Amino acid sequence: MASLRDILSMPQFNEFSLINHHGNLDTIIEGLDITENSDIKHFTKPNTFILTTGLLYQDDQQGLIQLIRDLKDVGVTGLGIKVSRFLHAIDQEVIRIADDLAFPLIEIPENWNLGDASHHISAVIENAKTEKLNYALYIQQELNQLLIKGFDVDTMIQFLSKRLGVPILLFDPFKRPISMSQHYQHQRSLINDHIKYFKQHISEIERDDRRSVFVKENQIIYKVRSYNYFPYYLMVAQSDKLTYPFSLLTIEQVVSVLSFSIYKSAKIEEAEQNEINRFFESLVLNDSDTALSVKQHPQLLERYNIYNSKYYQVVTCSIDETQKLENSNYLYERQYLTFQWLLHKFSDLDSKISIYKIPSNDQFVILLQNRHHYFWDYLKLIQQDFHNFFEGSLSFGVGNEVTEFSQLPYSYFEASEALNNIRAKGQFEQIESYRSKDISELLQLIPSNKLIPFIKYTLGELANPKTKKEAELKQTLRIYMDNHCDITKTAEQIFIHRNTVKYRINKCAQILDTTIEDPDISLNLRLALYASELVDLNH
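Cut-offs and rules
Residues numbered from 1 in each chain as written. Predicted model: local features only at pLDDT ≥ 70, side-chain atom pairs only at ≥ 80, totals over all residues. Heavy atoms only, no water. UniProt positions renumbered as here; feature names shortened; annotations may be inferred. Buried < 20%, exposed > 50% of the residue type's maximum accessible area, 1.4 Å probe, protein only. Helix = DSSP H or I, 4+ residues; strand = E, 2+ residues; numbered from the N terminus. Pairing = 2+ DSSP bridges. Right-handed = clockwise from strand over helix to strand, strands pointing away. Core = buried A, V, L, I, M, F, W, Y, C linked by side-chain atoms within 4.5 Å. Domains from an automatic or database assignment. Salt bridge = Lys/Arg side-chain N within 4 Å of Asp/Glu carboxyl O. Expected span 1.5 Å × (residues − 1). Bend = angle between axes of the 7 residues up to and from the residue. Contact = heavy atoms within 4.5 Å. Phe/Tyr/Trp six-rings, centres within 6.5 Å; stacked < 30°, edge-to-face > 60°. Lys NZ or Arg CZ within 6 Å of the ring centre and 35° of its normal.

An unreviewed UniProt entry annotates the protein as Purine catabolism regulatory protein originating from Staphylococcus simiae CCM 7213 = CCUG 51256. Looking at the protein in UniProt, the text filed under Sequence similarities (unreviewed entry) is "Belongs to the CdaR family."

This paragraph deals with the pairing of strand β5 (residues 48-52). Extensive coverage of β5 is indicated by the burial of 5 of its 5 residues. In terms of strand pairing, strand β4 (residues 31-34) meets β5 through 4 bridges, oriented parallel. Directly across from Gly31, in β5, lies its bridge partner Thr48. Note: β5 against strand β6 (residues 78-81), 4 bridges, orientation parallel. Each residue of the ladder has a partner; that of Phe49, found in β6, is Gly78. Handedness of the crossover joining β5 and β6 through helix α2 (residues 62-74) is recorded here as right-handed.

Our focus in this paragraph is the nonpolar core. In this structure, Leu164, Leu234, Leu342, Phe346, Ile366, Leu394 and Phe396 are the most contacted members of the largest nonpolar core, which totals 59 residues. For this core, the two domains that each supply at least three residues are domain 2 (126-264) and domain 3 (286-436).

This brings us to the pattern of salt bridges. The final tally for this structure, using the stated rule, is 15 salt bridges. A salt bridge links Lys357 to Asp362, with the nearest nitrogen and oxygen atoms 3.3 Å apart. Under the relative-accessibility criterion, Asp362 is labelled partly exposed at 39%. Among the ionic pairs, Asp482 bridges to Arg526, the shortest N-O distance being 3.7 Å. Taken together, the positions of Asp482 in helix α15 (residues 468-482) and Arg526 in helix α18 (residues 519-532) put the pair 44 residues apart, joining distant regions of the chain. Via salt bridges that share partners, Glu93, Arg96 and Asp100 belong to a single interconnected network.

A word on helix α7 (residues 188-207). The end-to-end C-alpha separation of α7 is 30 Å, in line with the 28 Å expected for 20 residues at 1.5 Å each. When the local axis directions of α7 are compared, the greatest deviation, roughly 40 degrees, occurs at His201. Inspection of α7 places Leu190, Ile191, His194, Ile195, Tyr197, Phe198, His201, Ile202 and Ile205 among the buried residues, and these make up the whole buried set. Among the structural elements, β8 (168-171), β9 (177-180), β10 (213-216), β11 (219-224) and β12 (232-236) are those in contact with the buried residues of α7.

This next bit is on the packing of aromatic side chains. If you walk through the whole model with that rule in mind, you get 22 aromatic pairs. Here a set of aromatic residues connected by ring pairs shows up, and it is made of Phe174, Tyr229, Phe230, Tyr330, Trp341, Phe386, Phe389 and Phe390. Sitting over the ring of Tyr307, Lys352 keeps its end group 5.2 Å from the ring centre.

Below, the discussion takes up the UniProt feature "domain: PucR C-terminal helix-turn-helix" (unreviewed entry) in the protein. Cross-referencing UniProt, the feature "domain: PucR C-terminal helix-turn-helix" (unreviewed entry) maps to residues 474-530 in the present numbering. Along residues 474-530 one finds 77% helix and 0% strand; the C-alpha atoms at either end are 11 Å apart.

What follows is the structure in structure tokens.
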């Protein structure tokens, strides 16, 4: 059952108004009648709400005073009058009598006919569940209108809070409050109390993945599943102050619209960010048609979060790959939200740290444009904090700093190489700085079927020694090359006489039919000797 106060508080009746200020709105309504008769008191029952146009009293409102007294005697709840139809205004004498009797006079708006008013009020009286459903759908429809008109989530939170009359907070998947109602303006203690309550109980909500709502201590927390695996959270505070016909069904409808609105906003942001990502990738991969200068195009590059600086350093980041089979939807959500999380974490450190996601390899790129002496330690903290929100781990590759924007591709290349080196070693949760490759590492990058012909052509019989004598010749030649053709150092290193070294080097020269000390030939010999240790020459 509902009272007149309940009805007037409902959004669908927000145009209804109390004519007299001292009418009692708290009496329960049990029935409803429409009448234009003056003798209705003989046919109506107590706790009935009467609707009328006042047709009989358009020329003499004294009869309306008598009707009010008769209805009060019967125990009628109140009188709803469509004033605009015939009366146009209620006499002050009528209002004074009604106030003396504490009998409520309700003005029915001009755009409502009595049939519609009767239908909607009867629904409230006869079926509370239906009215709660209607109320929930009404709120949903209004939120849908806001969504269609392009209003953001924050506007929806303000609207909902105004409708319900209680404080509301929206938390993102990282448990940060991202939108709050006006109740929290200049109420720092209230904000802190409610955020503290949320953080104290969030683990209880997360433990049961099937549970969507948490109601405790006059607080309601609802999961907003814009993402299946990483929900947002809507907190309706002071729920004891919510009035009829509020129900959890209302929050369910709200959550449905909010979920779509958040997802829509995320997709728009993702599309905008993808454009920025593609532009940055073209810069660091040298795919752009024209080299850009920060000094010549500062406004253009600032659109892509690149600023004029004497310091640039690229750090690449990726989620470590595992053998564990994971749901593709989970992987997509984790990838997207990891980007958002990194954006938040690094912007807290420095607003000029820019984050990108390289489309071709799903690496994240962190562009430093100021020097940070403790950045390595901060990366370690990021790795630790990652476990609080996601499964898996992060690794970072760190490129060298550069002083010119045009050198950015070099720092990116170095950072990518460092990160790829972590992956190649099968390591997890590592931070590695770039280290240039030595000659043996570079040679390993060349396929064996390309190296073997070069080795055999350059070293001849010494490429793959068959006898002990050939092995000694090859060893002496290698050490002789390493010591820059110094006979004395070679002899000392392998503990033989200088003349023996001379003999062996001359023998090698005869076998190879070349002058070993010639610079070009010497370089080829050294490379072939290195390469012969890296490949299997027996196949």
